[in-house]
Amino acid sequence: DLLKSLIDSMEGYPESVKFLHKNPEWNHTAPILSDIIYVKEAYRAAVENVLEPYLNYYVVNNLQEGLQAIHLLDAHKKGKANFFLLDKLNENTHQTHQPEGTVAAMDVIEVDAQYRKLAEYLLGNVYIAETEAAIENSNGAVVLEKSGKFVKGKYTLTGGSVGLFEGKKIGRAKNLEKLLEDIQSQEKVVNELKDQIQEQHNSVLVFNEQLKENEIRSTEQSINTLINEVF
């Protein structure tokens with residue numbers, strides 16, 4: 001319930017996306033790009049740099065779904081939205097030669113099979129560099145600096161200081177899902193430990209009863225001895 005409420009709150013999203021998110025007049029369960037791609041934490045700022053313009057794009061099945069949403073936005077004056085059309089992404093995506101000293105962006109993400117082609121379209125030509133040396137011979141590939149400091153395109157270079165909140169937008173829903181899984185896993189461990197503690201507690205109670213019984217017997221024996229001495 002917490003996960004659903006966090007996702008449904010749509011904090012930080014454009015008005016058009018918030019409007020479509022709960023609108024039953026179209027495929028309102030369609031995800032936005034930032035919700036379908038999970039990136040390993042060390043590479044989030046870098047990958048977010050190259051996907052930033054597309055993070056709020058809706059991912060729909062076909063042109064008809066996209067047009068339906070656009071007509072709704074127009075009718076209610078709720079601004080504009082962008083859409084990726086899954087049925088147009090069946091063609092093979094082109095991948096360039098991987099520059100030396102880089103990691104393929106596709107190797108540091110997780111995405112459901114139905115969105116794999118879309119991820120390849122966006123990131124199939126993207127590589128992450130451990131050092132600046134990798135940008136010297138990028139051979140037309142897009143090269144990202146691991147911490148998000150720069151993006152080297154075929155003819156462009158963009159970069160500078162890395163903002164405090166960079167890498168926080170991408171994969172918010174997926175990150176929450178994984179966090180929820182971690183919480184549930186930890187709760188299971190905690191419950192198992194509680195059961196073990198209760199078992200030990202019960203054992204202690206039994207042991208205490210046994211000790212009391214032994215003490216009672218010992219005291220009875222002492223009393224009998226004293227009685228004998230009195231006699």
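Residues numbered from 1 in each chain as written. Predicted model: local features only at pLDDT ≥ 70, side-chain atom pairs only at ≥ 80, totals over all residues. Heavy atoms only, no water.

## Looking at the pattern of salt bridges
Using the following cut-off: Salt bridges are defined by distance alone: a side-chain nitrogen of Lys or Arg within 4 Å of a carboxyl oxygen of Asp or Glu. Counting from the N terminus, the helices are DSSP H or I runs at least four residues long and the strands are E runs at least two residues long. Remark: exposure states derive from per-residue accessible area (1.4 Å probe, protein chains only) relative to the maximum for the residue type, with buried under 20%, exposed over 50%, and partly exposed in between.
Overall, the coordinates contain three salt bridges when judged by the stated rule. Among the salt bridges present, the one from aspartate 74 reaches lysine 77, with a minimum N-O distance of 3.6 Å. Ionic pairing is found between glutamate 120 and arginine 116, a salt bridge with its closest N-O pair at 3.7 Å. Taken as a pair, glutamate 120 and arginine 116 lie in helix 6 (residues 116-123) at a separation of four residues, close to a single helical turn. The partly exposed category is assigned to arginine 116, whose relative accessible area is 34%.

## A closer look at a nonpolar patch on the surface
Our working rule: Patch membership needs two things, relative accessible area over 30% and no salt bridge, and members are linked within 9 Å if like-charged or within 5 Å if nonpolar (Val, Leu, Ile, Met, Phe, Trp, Tyr). Per-residue accessibility takes into account occlusion by the displayed protein chains alone, with areas from the Shrake-Rupley method and a 1.4 Å probe.
Nonpolar side chains collect at one region of the surface, where Leu63, Leu67 and Ile70 lie side by side and expose about 230 Å² of accessible area between them. As for its position among the elements, leucine 67 is in helix 5 (residues 63-76). Residue leucine 67 is classed as partly exposed on the basis of its relative accessible area, which comes to 38%.

## Some points on the packing of aromatic side chains
Note the following rule: When two rings of Phe, Tyr or Trp (its six-membered ring) have centres within 6.5 Å they constitute a pair, described as stacked for plane angles under 30 degrees, edge-to-face for angles over 60, and tilted for the intermediate range.
Taken as a whole and judged by the stated rule, the model has six aromatic pairs. Ring geometry for tyrosine 54 versus phenylalanine 84: centroids 5.9 Å apart, planes at 50°, classification tilted. Highlighted residues: tyrosine 54 in the loop between helix 4 (44-51) and strand 2 (58-60) and phenylalanine 84 in strand 3 (residues 83-85), separated in sequence by 30 residues. Its relative accessible area of 9% is what places phenylalanine 84 among the buried residues. Aromatic rings pair up to connect Trp26, Tyr58 and Phe83 into one cluster.

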